[in-house]
Amino acid sequence: MNILKSTSLAVLIFSTLNLFGQEKSKMDAFINELMGKMTVEEKIGQLNLVTGGEATTGSVVSSNVENNIKAGKIGGIFSMSSPEKIRKAQELAIKHSRLKIPIIFGMDVIHGYKTVFPIPLGLAATWDMPLIQQTARVAAVEAAADGINWTFSPMVDISRDARWGRISEGSGEDTYLSSRIAREMVIGYQGDDLGKYNTLMACVKHFALYGAAEAGRDYHTTDMSLHRMYNEYLPPYKAALDAGAMSVMTSFNDINGVPATANKWLLTDLLRKDWKFDGLVVTDYTAVNELIEHGLGDLQQVSALSLKAGVDMDMVGEGFLTTLKKSMDEGKVSLTEIDRACRYVLEAKYRLGLFEDPFRYCNEDRAKKEIGKAEHLRLAREAAGKSFVLLKNEGQVLPLKKQGTVAVIGPLANTGANMPGTWSVSADLQKTLSLVDGMKAALGNKVKIVSHLGANLTSDAKLQERSTMFGRTIPRDERPAETVIQEALEVSKGADVIVAALGESSEMSGESSSRTDLNIPDSQRKLLEALLKTGKPVVLVLFAGRPLTLTWEDEHVPAILNVWFGGTETGKAVADVLFGDVNPSGKLPATFPRNVGQLPIYYSQKNTGRPLGEGQWFQKFRSNYLDVANDPLYPFGYGLSYSKFDYGKLQLDKDKFAKGEEIRVSVELSNSGNFDGEEVVQLYVRDMVGSVTRPIKELKNFQKVFLKKGEKKKIEFVITEEDLRFYNQSLEFVSEPGAFKVFVGGNVRDVQEADFELMER
Ligand code: BGC
């Protein structure tokens, strides 16, 4: 599938959401009539998005909300939930505002609503497209039952720098995988009809390039060539729009000298003119106001700049509300520009069916029935199990036998609040089971579980405080670290196996959670060393919102299961995998570096003029480091299984083809292990000679395949000329005839390769 080209299904969905023909004329007529009655102030009011009285996802608490609704000064509210509250707010608009224009209700429904699924990076590790779509569907059903009609998701920012805390919120480093996922998420949220009571309007974010922040520091500058943007960073946003996403959120960062929220090239030339986007553009939280700090002027100036650049709705900052009328009177913005923005807001409301029935999302019975229902929890458990990546399993320590005693030791063992992971603002933290309780619930009395804190999250109390915000506290033990470790060893004495529950707390990743040290915190490393010294088998169950640097652990710990943050059902899902009820199948959506100095790191790099020789890790005057190898600790696409998958010889049905034809690439996959299991077969391509330099490998397709033990299957991929296209120097999307290589394997490193040629016609 070509990521920048719509598939027929996406085209179909896009057209139903985008209202054509009669439906479109009906909407236009309705909105024309309504806008004909609106004052300029009322139009500007529609551009104002506020919080519903609590500061959930930032520091602003919007004031005077009730009166502003009545006065027609609010177009949307976010972070408000429950049919009761939303009905009350909607009633203020419908009964008391002059034109009775309904309010749109947004929320960060990022990886589930009350039923929380793995963090997006974890979901990406499933490489399971139907499953990912289903998780978004369930999130929409639950949130829409609770009064919400707009989600600020999917987040599709490519990130290749694990220092950036928000890598947890996206699908990782790869353009193709992220684009596929973006599409599934949008379809899951929006379905084929935004007007249904159980769908949400999707909002693709953060437009654009937010994940390329310099030095991995949040909100930092990005500066990027157009060539890289078009080929690597923009396709996932475009894929979400092709799937029909009806809103876009601007990003906080500067792009080549102009912050995204004031960037006319980005928001108008590219988004509206080239990509023909016909939905709503909203800013990120106070992003208009932040243009002042970026150095673009005062509030009046930056609000005008932002509107003129193409922003329709102002999140939280009220710059539009308080300055646009003045700017219009002074001739600095035009009524046409205000009208354009107002129209996009009203169209979103129209598409959501809010003019037809402003209360269609408010139904207490539905909320009771739909939220957290058993089948949603089953899906959450399945998704969590599939998201875990088995990084190491020396001597087949795993799976464990369901017998004897297991000691679960570490700061992540007994904290339910940290299981949902970052950006789970609607999670019921009190009700989420901890790892230990989840394991107990899954295992019953077949296995005895004992547990202990073992170590503080980090020895630095202040860092721990910053890393456990929003109710995600982890208790500290202020006694000397050695005393706490000794106590944990006592607890583990009778155990047959030790599960070390270590890593990051959930708020160590996510927004404003960039880190420069990606090792397991010192206090936990000491604990791990002590646990290993017992001589008992140790399994590291690693919690992480990003790729961590695990060089030491890889050398010393026999089994490592990376579980990200698995959501509501984490504990049970970890038990499923540790005890073999579920065979791990997760594959890394981001490269795991050896150390922080290797960052940014990603597999699809260019060759350079001085690449390292095959099998070398240092050569003088070659592109490398003196002190560490170029290759990562765990490559992109990597993940083990309890089973063994063997790849037969890579076959191509021909070695030359032309535009309009195709090449069939096949390989026989056999499960020669003792467990049924799933393997993700990955196909990469390299364009050997081109008018511009091309990556050494690019993912172009994959299949997630289930094989019973002993089973074999022929896996076939088709390559067409379209798959070989890229943006050339003039930003034309073309293929260039010549030599190519194709690679197939279970991760980007362990592949077989073959040559083929795209012929001139
Ligand atoms: C984040 C967005 C989020 C918004 C609203 C911002 O701080 O960057 O991702 O959607 O807040 O909560």
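To keep things clear, this report deals only with the structure shown in the data block. Quick caveat: nothing in here was measured; it's all calculated off a predicted structure.

## Considering the packing of aromatic side chains
All chains considered together, the criterion is met by 24 aromatic pairs. On the basis of an interplanar angle of 85° and a centroid distance of 6.1 Å, the ring pair of Tyr176 and Phe702 is categorised as edge-to-face. Linking Tyr176 in helix α8 (residues 175-190) with Phe702 in strand β22 (residues 698-707), this pair joins segments that are 526 residues apart in sequence. Classification of Tyr176 as buried rests on a relative accessible area of 3%. Among the aromatic residues, ring-to-ring pairing joins Trp127, Tyr176, Tyr603, Phe636, Tyr684 and Phe702 into one connected group. Sitting over the face of the ring of Phe743, Lys697 holds its NZ or CZ atom 5.0 Å from the ring centroid.

## A closer look at the environment of Glu465
Inspection of the secondary structure assignment puts Glu465 in helix α19 (residues 461-466). Between the C-alpha atom of Glu465 and that of Glu507, which follows or precedes it by 42 residues, the distance is 9.9 Å.

## A closer look at the pattern of salt bridges
Evaluation of the coordinates by the stated rule reveals 57 salt bridges. Taking the shortest distance from any N to any O, the salt bridge between Asp339 and Lys43 comes out at 2.9 Å. Taken together, the positions of Asp339 in helix α15 (residues 335-351) and Lys43 in helix α3 (residues 40-46) put the pair 296 residues apart, joining distant regions of the chain. As a salt-bridge pair, Arg228 and Glu232 come within 3.3 Å of each other at their nearest N and O atoms. Note that Arg228 and Glu232 are positioned in helix α9 (residues 226-233) at a spacing of four residues, about one turn of the helix. Owing to a relative accessible area of 9%, Glu232 belongs among the buried residues under this scheme. Here the salt bridges do not stand alone but share partners, grouping Asp128, Glu382, Lys386 and Glu678 into one network.

## Some points on the side chain of Thr323
You can see Thr323 is positioned in helix α14 (residues 319-329). A distance of 3.4 Å separates the side chain of Thr323 from the side chain of Ser303, its partner in a polar contact. Not counting the four nearest positions on each side in its chain, Thr323 is found in contact with Leu299, Gln300 and Ser303.

## Quick notes on the pairing of β22
The element β22 is largely enclosed, with a buried count of seven among its 10 residues. Taken together, the nine bridges between strand β21 (residues 677-687) and β22 define a ladder with antiparallel strand orientation. In the strand pairing of β22, Gly677 is matched with Leu707.

## Re a nonpolar patch on the surface
On the surface, Trp617, Phe618 and Leu626 cluster together into a nonpolar patch covering about 340 Å² of accessible area. Topologically, Leu626 is positioned in the loop between α23 (570-578) and β17 (645-647).

Parameters and conventions
All residue numbers refer to positions counted from 1 along the written sequence of the respective chain. Given that this is a predicted model, residues contribute local features only at a pLDDT of at least 70 and side-chain atom pairs are listed and counted only at 80 or more, while totals for whole chains, interfaces and linings are drawn from all residues. Heavy atoms throughout the structure, all of them, feed into the side-chain values; hydrogens and water do not. Note on aromatic pairs: the rings of Phe, Tyr and Trp (six-membered ring only in Trp) are paired at centre separations within 6.5 Å, and the planes decide the class, stacked below 30 degrees, edge-to-face beyond 60, tilted for the rest. Secondary structure elements follow DSSP: runs of H or I of four or more residues count as helices, runs of E of two or more count as strands, with numbering from the N terminus. Each residue's exposure class comes from its accessible area (1.4 Å probe, protein chains only) as a fraction of the maximum for that residue type: buried when under 20%, exposed when over 50%, partly exposed otherwise. When the NZ atom of lysine or the CZ atom of arginine is within 6 Å of a ring's centre and also within 35 degrees of its normal, the charge is said to sit over that ring. Between Lys or Arg on one side and Asp or Glu on the other, a salt bridge is scored when a side-chain nitrogen of the former is within 4 Å of a carboxyl oxygen of the latter. Here a polar contact means two N or O atoms within 3.5 Å. Within protein one must be a hydrogen donor candidate and the other an acceptor candidate, and residues neighboring in sequence count only if both atoms are side-chain atoms. Between two residues, a contact is recorded if the distance between any of their heavy atoms is within 4.5 Å. A strand pair is defined by DSSP finding two or more bridges across the two strands. Every patch collects residues that have over 30% relative accessible area and no salt bridge, joining them within 9 Å if they carry like charges and within 5 Å if they are nonpolar side chains (Val, Leu, Ile, Met, Phe, Trp, Tyr). The protein chains shown are the only cover counted for residues, whose accessible areas, like all others here, come from Shrake-Rupley with a 1.4 Å probe.

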